[in-house]
Structure formats: C-alpha cells, structure tokens
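The primary structure of each chain is shown beneath.
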Amino acid sequence: MKDTEIKHDVFQAVADPTRRKMLILLADREMPITSITEQFPISRTAVNKHLHVLANAGLVQSKKVGRETRYKLQPEPLKELQKWLSFFEKYWADKLSALKEYVESDD
C-alpha cells in the first residue's frame, strides 16, 4: 500500500450497502472476482473498487490463484463494530420493553 493511499476504517467500509452485501457473500466462502461480479448489477471495475475499500479496512483478504484473484472475509475488524453497537443495546432493550408493555396493556 502506498503511503499516500487512504486507509478506510471499518465504519466507512460497511456504510455502503453493496459492500455489506459483499461481506455477506464472502462470509462462508472464498470467491474469485468474476463470481462476485456476477452477483451485482455493477461493472467489474465498480466491484473491484468496493473490494479495495473492504481490503483497506482489513475486512477482506485477496490472494492470486493462477490468473484469478480470490477474496475472503476477514471478520476480526467487525469486532470494532460489535463493541460500538453493544453500547447502545441497553437503549434498544428499554424501547422494546416499553413497546411490549404498551401493546400488552388494556388501555
């Protein structure tokens, strides 16, 4: 990676719905870029740019196998997201409890 190249963080990387779909696609298997491209209504160049952002955030790893490049999920950086989101779980639980009480009330 060049020194002038921007390093994307995990939050930026998962902000885009296409990249989130790519992560789900790569969750269970390693895939070549041609197979990934077939799953999206965008060009191979666009898929490559999305994969580049994911790689810069450490969320995917690529390797050359013969003439093709294969990608696989690297889930470790997602722990940062989980940690951040877990802070807000108490608020979600409170809201769901209040909704349950409201729905179950006789009023």
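Everything discussed here concerns the structure shown above.
The following refers to the structure shown.

About the cut-offs
- Residues numbered from 1 in each chain as written.
- Predicted model: local features only at pLDDT ≥ 70, side-chain atom pairs only at ≥ 80, totals over all residues.
- Heavy atoms only, no water.
- Helix = DSSP H or I, 4+ residues; strand = E, 2+ residues; numbered from the N terminus.
- Rg over C-alpha atoms; globule rule 2.2 N^0.38 Å.
- Buried < 20%, exposed > 50% of the residue type's maximum accessible area, 1.4 Å probe, protein only.
- Contact = heavy atoms within 4.5 Å.
- Phe/Tyr/Trp six-rings, centres within 6.5 Å; stacked < 30°, edge-to-face > 60°.
- Core = buried A, V, L, I, M, F, W, Y, C linked by side-chain atoms within 4.5 Å.

### Some details on the overall build of the chain
Thought 1: Across its full length, the chain holds 6 helices and 3 strands.
Thought 2: Starting at the N terminus and ending at the C terminus, the chain contains elements arranged as α-α-β-α-α-β-β-α-α.
Thought 3: Against the globule reference of 13 Å for 107 residues, the chain gives a C-alpha radius of gyration of 19 Å, more extended than a compact globule.
Thought 4: Here the chain, with 107 residues, has 26% of them falling under the buried criterion.
Thought 5: In the chain, once contacts between residues fewer than 6 apart in sequence are set aside, the share between residues at least 24 apart is 53%.

### Regarding the packing of aromatic side chains
Thought 1: Scanning all chains against the criterion turns up 5 aromatic pairs.
Thought 2: On the basis of an interplanar angle of 40° and a centroid distance of 6.3 Å, the ring pair of Phe88 and Tyr91 is categorised as tilted.
Thought 3: For Tyr91, a relative accessible area of 41% gives the class partly exposed.
Thought 4: Ring pairs connect the aromatic residues Phe11, Trp84, Phe87, Phe88 and Tyr91, which therefore count as one cluster.

### A few points about the nonpolar core
Thought 1: In terms of nonpolar packing, the biggest core is built from 21 residues, with Leu26, Ile36, Leu51, Leu54 and Leu59 touching the most fellow members.
Thought 2: When residues of this core are traced back to their parent elements, those giving at least two are helix H1 (10-14), helix H2 (17-25), helix H3 (33-37), helix H4 (44-56) and strand E3 (68-73).
Thought 3: Dropping the residues within four chain positions of it, Leu26 is found in contact with Met31, Ile36, Leu51, Val60, Tyr71 and Leu73.

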